[in-house]
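Residue strings, one per chain:
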Amino acid sequence: MRKYFITGLLVLVPLAITLWVLNLVISTMDQSLLLVPAHWRPAALFGRDIPGLGTILTIAIVFLTGLLANNLVGNYLVRLWERLLHRIPVVSSLYGSVKQVSDTLFSSSGNAFRKAVLLPYPHADSWTIGFLTGVPGGDVKNHLVGDFVSVYVPTTPNPTSGFFLMLERSKVIELDMSVDAALKYIVSMGVVAPEHLPTKESAVLVSAPVE
């Protein structure tokens, strides 16, 4: 019975968590219907709420915003709106910080999580996976002697929280692993191991002709 119970958990728990996350995302995105006048909402038109309709509206709003922001007039309006926000004392600092982070994370030319790396953490005798995010800047680099890199070390199983470290480049090992595979490895607490890739030395030996 214990074996069957654990097998049932292995089947149902991932499904339940997936459905819970989807329900949370859809219900949150459905809140965009509050922007629509009350007499145009599904409850007034059809007598009942339609789950997912707000999600479609949210996706449409995001798409149209990106479409408008990419043309000349829309780009000018966005820059005008940002200049207005930067003149409001409290809003300017908050908006500027969030804008900088979002541009780094979501921009196609951004440098966030550019490479998965292996580094010693939290002490020299243990290792963990982190993500290369750049190099130290500002006045920080004036106080660091040598070649340093910036690394984000996520926590397990929630990679949205973690630690920001600045380490000597020689102590960081770049992995032949995609960022997605490394994230999956971290979230699964090491259970879902990435596909094994042969090292460069072994690949050379395998490809070499046998005499």
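Residues numbered from 1 in each chain as written. Predicted model: local features only at pLDDT ≥ 70, side-chain atom pairs only at ≥ 80, totals over all residues. Heavy atoms only, no water.

### A look at the UniProt feature "transmembrane region" (unreviewed entry) in the chain
Phase 1 of the analysis: UniProt records the feature "transmembrane region" (unreviewed entry) for residues 51–78 in the present numbering.
Phase 2 of the analysis: Split by type, residues 51–78 is 86% helix and 0% strand. Its first and last C-alpha atoms lie 32 Å apart. (UniProt positions renumbered as here; feature names shortened; annotations may be inferred. Helix = DSSP H or I, 4+ residues; strand = E, 2+ residues; numbered from the N terminus.)

### Focus: a nonpolar patch on the surface
Phase 1 of the analysis: Judged by side-chain polarity, Phe 5, Ile 6, Leu 9, Leu 10, Val 13, Ile 17, Trp 20, Val 21, Leu 24 and Val 25 come together as a nonpolar surface patch covering roughly 950 Å² of accessible area.
Phase 2 of the analysis: Among the secondary structure elements, Ile 17 is positioned in helix H1 (residues 2–29).
Phase 3 of the analysis: Accessibility expressed as a relative area gives 47% for Ile 17, which makes it partly exposed. (Patch = residues over 30% accessible without salt bridge, like charges linked within 9 Å, V, L, I, M, F, W, Y side chains within 5 Å. Areas by Shrake-Rupley, 256 points an atom, 1.4 Å probe, with all protein chains shown as cover. Salt bridge = Lys/Arg side-chain N within 4 Å of Asp/Glu carboxyl O. Buried < 20%, exposed > 50% of the residue type's maximum accessible area, 1.4 Å probe, protein only.)

### So, unusual backbone geometry
Phase 1 of the analysis: Along the chain, Tyr 121 connects to Pro 122 via a cis peptide bond; the corresponding omega equals 0°.
Phase 2 of the analysis: With respect to the element layout, Pro 122 can be found in the loop between strand E1 (115–120) and strand E2 (127–134).
Phase 3 of the analysis: Here the bond from Thr 156 into Pro 157 is cis, since omega is 0°, no more than 30 degrees from zero.
Phase 4 of the analysis: Structurally, Pro 157 is set in the loop between strand E3 (148–154) and strand E4 (162–168).
Phase 5 of the analysis: In this structure, Met 189 takes a positive phi of about 60° despite not being glycine.

### Observations regarding helix H3 (residues 53–69)
Phase 1 of the analysis: Compared with the 24 Å implied by 1.5 Å per residue over 17 residues, the 24 Å span of H3 between its first and last C-alpha is a close match.
Phase 2 of the analysis: For H3, the set of buried residues is Gly 54, Thr 55 and Thr 58. Down the axis of H3, the sector holding all buried residues measures 110°, keeping them to one side. Among the exposed residues of H3, those oriented more than 90 degrees off its buried face are Ile 56, Ile 59, Phe 63 and Leu 68.
Phase 3 of the analysis: At its buried positions, H3 is contacted by H1. (Expected span 1.5 Å × (residues − 1). Arc of directions from axis to C-beta. Contact = heavy atoms within 4.5 Å.)

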